[in-house]
Amino acid sequence: MPEKIFKDVRGWIGGMKKRILQLLTEKGVLVDPEAAEALSGLKDPMACVERILNDADGRPLILSKEDVDSYASCAKAPASQPARQAVAQPTHAPARRAAPAEVRVLKDITGDSTCVGDIIDFTKLFNDRYSTIKKMLAKRRDLAGIIPIAKAKKMQREVKLVGMLNDTRTTKHGHTLLEIEDETDKVQVLVMKGPRRAGDGFIKDEVLGVAGAFSKDGEIVIAKEIVRPDVPMNSGMTPNGSGAVMAFVSDIHVGSDTFLPDEWKRFMEWLRKDPVAKDIRYMLMPGDLVDGIGIYPGQEDELLIEDIFAQYSELAEMAKAIPDWIKVVMMPGNHDAVRLAEPQPALPKDVQAMFDSNVLFVGNPCYMEVEGRVVLAYHGRSMDDYIKSIPGLDYAHPLEAMREMLRRRHMAPVYGERTALAPEKKDYLVIDQVPNIFVTGHVHKCGIAEYRGIKLINASAWQSQTEFQRMHNQVPDPAKVPMIDLGSGEMWVEDFSH
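Residues numbered from 1 in each chain as written. Predicted model: local features only at pLDDT ≥ 70, side-chain atom pairs only at ≥ 80, totals over all residues. Heavy atoms only, no water.

Q: Looking at this model, I keep getting lost on the pairing of strand β4 (residues 158-170). Mind explaining?
A: If a strand is regular, its side chains alternate between the two faces of the sheet. Looking at chain direction, β4 and strand β7 (residues 207-214) are connected through seven bridges and run antiparallel. Residue pairing in the sheet places M164 in a bridge with V207 of β7. Pairing geometry for β4 and strand β5 (residues 176-181), over six bridges, is antiparallel. The residue of β5 that forms the bridge with M164 is E181. The turn linking β4 back onto β5 is made up of five residues, and G174 within it adopts a positive phi angle of 90°. (Pairing = 2+ DSSP bridges. Helix = DSSP H or I, 4+ residues; strand = E, 2+ residues; numbered from the N terminus.)

Q: What exactly am I supposed to notice about helix α7 (residues 261-273) here?
A: An α-helical segment advances 3.6 residues per turn. Residues three or four places apart therefore align on the same side. The terminal C-alpha atoms of α7 lie 18 Å apart, and with 13 residues this matches the ideal 18 Å at 1.5 Å per residue to within 8%. Three or more residues of α7 are buried, namely E263, W264, F267, M268, W270 and L271. The arc enclosing the buried residues of α7, seen along the axis, measures out at 160°, which places them on a common side. Facing away from the buried side of α7, by more than 90 degrees, are the exposed residues D262, K265 and K273. (Expected span 1.5 Å × (residues − 1). Buried < 20%, exposed > 50% of the residue type's maximum accessible area, 1.4 Å probe, protein only. Arc of directions from axis to C-beta.)

Q: I keep staring at the confidence of the model for the chain and nothing clicks. Help me out?
A: Any segment with low pLDDT has predicted coordinates that should not be analysed in fine detail. Per-residue confidence for the chain gives a mean pLDDT of 87; residues scoring 70 or more make up 88%. Across residues 75-99, where pLDDT falls below 50, the model places 43 contacts with residues more than four positions away in sequence or in other chains. (pLDDT = per-residue confidence, 0-100. Contact = heavy atoms within 4.5 Å.)

Q: Help me understand the pattern of salt bridges in this model?
A: If charged atoms from side chains of opposite charge come close, those side chains can pair. Counting across every chain of the model gives 23 salt bridges. Across the pair E102 and K327 runs a salt bridge, and its minimum N-O distance is 3.7 Å. Of this pair, E102 sits in the loop between α4 (65-74) and β3 (104-107) while K327 sits in strand β11 (residues 327-331), and the two are 225 residues apart along the sequence. Residue classification places K327 among the buried positions, given a relative accessible area of 7%. Where R228 meets E206, a salt bridge forms, and the shortest distance between an N and an O atom there is 2.9 Å. Of the two residues, R228 sits in the loop between β8 (220-227) and β9 (245-248) while E206 sits in the loop between β6 (186-191) and β7, which places them 22 residues apart along the sequence. (Salt bridge = Lys/Arg side-chain N within 4 Å of Asp/Glu carboxyl O.)

Q: Just checking my understanding: could you explain the packing of aromatic side chains for this structure?
A: Any pair of aromatic rings gets described here by the distance separating the centres and the angle formed by the planes. Within the structure shown, the criterion is met by nine aromatic pairs. An angle of 85° between the planes, with centres 6.2 Å apart, marks the rings of F126 and Y415 as edge-to-face. Note that F126 is positioned in helix α5 (residues 119-138) and Y415 in the loop between α11 (398-408) and β15 (437-440), a separation of 289 residues in sequence. Take F126: its relative accessible area is 17%, and that puts it in the buried class. Ring geometry for W264 and W462: centres 5.2 Å apart, planes at 85°, overall edge-to-face. Taken as a pair, W264 in helix α7 and W462 in the loop between β17 (454-459) and α12 (467-471) lie far apart in primary sequence, 198 residues in all. Of the two residues, W264 and W462, both sit in the buried class. Three or more aromatic residues joined by ring pairs form one cluster here, namely W264, F267, W270, W462 and F496. (Phe/Tyr/Trp six-rings, centres within 6.5 Å; stacked < 30°, edge-to-face > 60°.)

Q: How do you make sense of the sheet that holds strand β19 (residues 491-495) when you look at a structure like this?
A: Strands in a sheet are paired, the pairing made by backbone hydrogen bonds, and the direction either parallel or antiparallel. Ordered in space as β12-β11-β10-β9-β18-β19, the six strands form an open sheet in which the pairing is mixed. Of all strands in the sheet, those bounded by a partner on one side alone are β12 (359-361) and β19. For this sheet, the mean inter-axis angle between neighbouring strands, taken without regard to orientation, is 25°. Strand direction decides the pairing type here: β9 and strand β18 (residues 480-485), joined by three bridges, are antiparallel. Each residue of the ladder has a partner; that of A247, found in β18, is M483. Seen against the sheet, α7 touches β10 (280-286), β18 and β19 and runs at an angle of roughly 155° to β10. (Axes fitted to C-alpha atoms, helices over the stretch in contact; angles between N-to-C directions.)

Printed below as a string of structure tokens:
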């Protein structure tokens, strides 16, 4: 009898595999053997297949096991739960208060930094970036048949290439001339001006795809299409049954004479007394926790606390007012006491020792999993480079810069500008896993939005306008706290500015 059952099960699995392969092949998707195994092992493989086939923009040409894992995580059946009533008003704190749930760190540089800083390290960094993003681009149907640049030069016909952008310039007729490079050679690419190119923008050291044809003299490739890796289209965060809320509190700048103590006190009182706050189980702080020392010329004239350890000590005291049912995650920014070069490790142990056990310290950037959601947190220093490089971006609209990061699948591609990069063997700033939530800080603005199903959050600040901001006509939007319901994906902002 058991043998018959096993035989029937094997037959069912085999039939399911055949049906899956047939459906995907009919739609032009090739399936890796490991991907077929992964699909047939899912509880509801057809739901995942349907998800793949409906993803017209991001559907891969060759389906890998990693693709299956990504689509399957988006296709989990929603758990039955009552709908959240806008912002729920519970009459008492839930039982979970006494035991904050844990945050699982998926990836950051803390404890894994090996770079020395020589040319070999930089070569490894850029090779890793190139190869990782090239794999993403190779799955795009509009780049099927990618060939190396050196081989393309010999063929002199229509070609599809992937390269890292070395240089950009504008011709006298207003066209854009790019120089891209791969592991074999480099080539000039002409991007004709026109309405399709108007808002494109190119960033040095980004990895992109080109579909085009060589000119008659064989010297340059005339681009028909510029292809970026981008994130796949999906329908957003499928409800998963979690009732937890995550709050985002960035750029506190403790120690600055423009820190906002009254607004912070108002926020702490709200956390302890307002029924809405009882659902908050997590608080993520994406950098610039303190104002630091010697960050910019003349900073000592704008400090209330002139010792870096005293600044962190003050922050630790402030954090004690956060209710104990909330798990706090702190990461550094460009004002904090870690190396300036990104990726940044978590704060030093002697600083961590000042804080209570409900605080978790992570690096910048950091991938983490919270209540089944993948959160990508990045302080956002590279927004300076994005805004400088891409026409139309500005400090008043940081969510647009975040969209550009996702389009390029890289948080900080530019080397040698404002964002210092550490030459690690692996490029930790590549967006190699598609997150459910992407959060940044740095520009002292507050914003929430969505891009291709990913929740975008820029997490405000707790500092009024600084002299530097005044000189550059930057107006902050402080003392606001974006929040997200990890179960439903609903986002909103609580305002403590008045």
